[in-house]
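# Secondary and tertiary structure notes
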Amino acid sequence: QVQLVESGGGLVQAGGSLRLSCAASGRTFSSYAMGWFRQAPGKEREFVAGISWSGAGTYYADSVKGRFTISRDNAKNTVYLQMNSLKPEDTAVYYCAVSPTIYAMRTHDYDAWGQGTQVTVSS
């Protein structure tokens, strides 16, 4: 089993930045693709960004392209999500997840999840 722990969420004003981290343990981290999802109140969980096992491939939801950047450090078993130019509509609980499939964007393609970290963007 893999354990994932997110951190770095908080309250930020519109236009500001946050960097989320997700620390993984219990599985060979570098063998799997990783993804970030988010879920706002009353809405379904949605894909935000993903990264291949090597870090060479990244993919994003259209709503965050050009503003968010996903990266990973396999030596530290950690994946990051740098979020810039934040908007109130980015407010959600953000989750990281593990997938054996590269370029996966659906929740059922991911088989392990963290507990989430809250991001709140004020206008």
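The present account deals with the structure reproduced in this document. The residue count restarts for each chain, going from 1 along the sequence in the order it is written. The model is predicted, so local features are restricted to residues of pLDDT at least 70 and side-chain atom pairs to those at 80 or more, both for listing and for counting; the totals for chains, interfaces and linings are taken over all residues. The side-chain figures draw on all heavy atoms in the structure; neither hydrogens nor water molecules are used.

A word on the packing of aromatic side chains. By convention, a stacked pair of Phe, Tyr or Trp rings (six-membered ring in the case of Trp) has centres within 6.5 Å and planes under 30 degrees apart, an edge-to-face pair has planes over 60 apart, and any other such pair is tilted. All told, the structure shown has six aromatic pairs when counted by the stated rule. Judged by centre distance (6.1 Å) and plane angle (50°), the rings of Y110 and W113 are tilted. For every residue, the accessible area obtained with a 1.4 Å probe (protein chains only) is divided by the maximum for its type, and the residue is called buried under 20%, exposed over 50%, and partly exposed between those limits. On the basis of relative accessible area, W113 is assigned to the partly exposed category, the value being 27%. Of note, R19 hangs over the ring of Y80, and the distance from its end group to the ring centre comes to 4.0 Å. Directly above the aromatic system of W113 lies the positively charged group of R45, at a separation of 4.8 Å from the ring centroid. Comment: the charge-over-ring label is applied if NZ (Lys) or CZ (Arg) is within 6 Å of the ring centre and within 35 degrees of the ring normal.

Attention now goes to the side chain of R38. Elements are defined by DSSP. Helices are runs of H or I of four residues or more, strands are runs of E of two residues or more, and each kind is numbered from the N terminus. Following the sequence through the fold, R38 ends up in strand β4 (residues 33–39). At 2.6 Å, the side chain of R38 forms a polar contact with the side chain of E46. By the criterion applied in these results, polar contacts are pairs of N or O atoms within 3.5 Å in which, for protein atoms, one can donate a hydrogen and the other can accept it, and in which residues neighboring in sequence qualify only through two side-chain atoms. For R38, the side chain forms a polar contact with the side chain of Y94, separated by 2.9 Å. When checking whether two residues touch, look at their non-hydrogen atoms; a contact exists if any pair is within 4.5 Å. Filtering out sequence-adjacent residues up to four positions away, R38 remains in contact with E44, R45, E46, V48, S63, V64, F68, E89, D90, A92, V93 and Y94.

Turning to the pattern of salt bridges, a few remarks are in order. By convention in these notes, a salt bridge is any Lys or Arg side-chain nitrogen within 4 Å of a carboxyl oxygen on Asp or Glu. A full pass over the atoms with the stated rule returns five salt bridges. In this structure, E46 engages R38 in a salt bridge whose closest nitrogen and oxygen atoms are separated by 2.6 Å. The exposure class assigned to E46 is partly exposed, which follows from its relative accessible area of 36%. When the shortest N-O distance is used, the salt bridge between R38 and D90 registers 2.9 Å. Of this pair, R38 sits in strand β4 while D90 sits in the loop between β8 (78–83) and β9 (92–99); the two residues are 52 residues apart in sequence, bridging distant segments of the chain.

Right, let's talk about the environment of C96 for a bit. Here C96 shows up in strand β9. Taking the C-alpha atoms as reference points, C96 and V5, 91 residues apart in sequence, are found 8.1 Å from one another. With residues up to four places along the chain from it excluded, the contact list for C96 reads L4, E6, C22, G35, W36, A112, W113 and G114.

We now examine the state of the cysteines. Two cysteine sulfurs form a disulfide in these notes if their separation is within 2.5 Å. All told, the structure shown has one disulfide when counted by the stated rule. Here C22 engages in a disulfide with C96; their sulfurs sit 1.9 Å apart. Given an S-S torsion of about 50°, the disulfide between C22 and C96 has right-handed geometry. Highlighted residues: C22 in strand β3 (residues 18–25) and C96 in strand β9, separated in sequence by 74 residues.

Note that all results are geometric; they support no functional claim without further evidence.
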